[in-house]
Amino acid sequence: MENSTALVRTDKASRYLVQLCKHFGHKVPAEWTETDGVVRFEPGTCRMAAADGELTLACESETPEDLAVVQDVIASHLQRFAWKEELVVSWAEDAPVR
């Protein structure tokens, strides 16, 4: 199993978590609360956690190629939703998934 984690600093972590999950939930299985969420794409899964000032994104897939797809989809949508903040999403490969 391939996995990666990104820690994104933002004061709107909960808002973005809910926005991402609701958005993807129209097409793929997604579950969320104000502080935790999971989106299950065909190539892999992304778990999210919102805490004070940070949004943690933990992705998991069977192959490195599938992992890259999940990372790109999550990061591009987050950056689009948060365009005023110009958020940086930096993935750490082979990090433990929470």
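Notes on the structure follow. Per chain, residue numbering runs from 1 following the sequence as it is written. Predicted model: local features are reported for residues with pLDDT of at least 70 only, side-chain atom pairs are reported and counted for 80 or more only, and whole-chain, interface and lining totals are derived from all residues. As a rule here, side-chain values come from all non-hydrogen atoms in the structure, and water together with hydrogens is ignored.

Quick notes on the sheet that holds strand β2 (residues 30-32)
Here, any two strands with at least 2 DSSP bridges between them count as paired. Numbering of helices and strands starts at the N terminus; helices are DSSP runs of H or I of at least 4 residues and strands are runs of E of at least 2. One open sheet accounts for six strands, arranged β2-β3-β4-β5-β1-β6; its pairing is antiparallel. At either margin of the open sheet sits one strand with a lone partner, and together these are β2 and β6 (92-93). Across eight bridges, strand β4 (residues 44-51) lies against strand β5 (residues 54-61) in antiparallel orientation. The partner of Met48 across the bridge, within β5, is Leu57. Only heavy atoms enter the contact rule, under which two residues are in contact if any of them lie within 4.5 Å. Geometry is summarised by axes, namely lines fitted to C-alpha atoms with helices restricted to the contacting stretch, and by angles between N-to-C directions that run from 0 to 180 degrees. Contacting β2, β3 (36-40), β4 and β5, helix α1 (residues 13-25) runs over the sheet at an angle of about 155° to β4. In this fold helix α2 (residues 64-81) packs onto β1 (2-9), β4, β5 and β6, with an angle of close to 155° to the strand it touches most, β5.

Quick notes on the environment of Glu2
Inspection of the secondary structure puts Glu2 in strand β1. Using a 1.4 Å probe on the protein chains alone, a residue whose accessible area is under 20% of its type maximum counts as buried, one over 50% counts as exposed, and one in between counts as partly exposed. Overall, Glu2 belongs to the partly exposed group, its relative accessible area being 24%. Distance in space between the C-alpha atoms of Glu2 and Arg47 is 14 Å, their sequence separation being 45 residues.

Focus on the pairing of β4
Pairing of β3 with β4, which is carried by five bridges, proceeds in the antiparallel orientation. Looking across to β4, one finds that Arg40 is bridged to Thr45. Connecting β3 to the antiparallel partner β4 that follows it, the hairpin turn spans three residues. Connecting the antiparallel pair β4 and β5 is a turn made up of two residues, with Gly53 showing a positive phi of about 75°.

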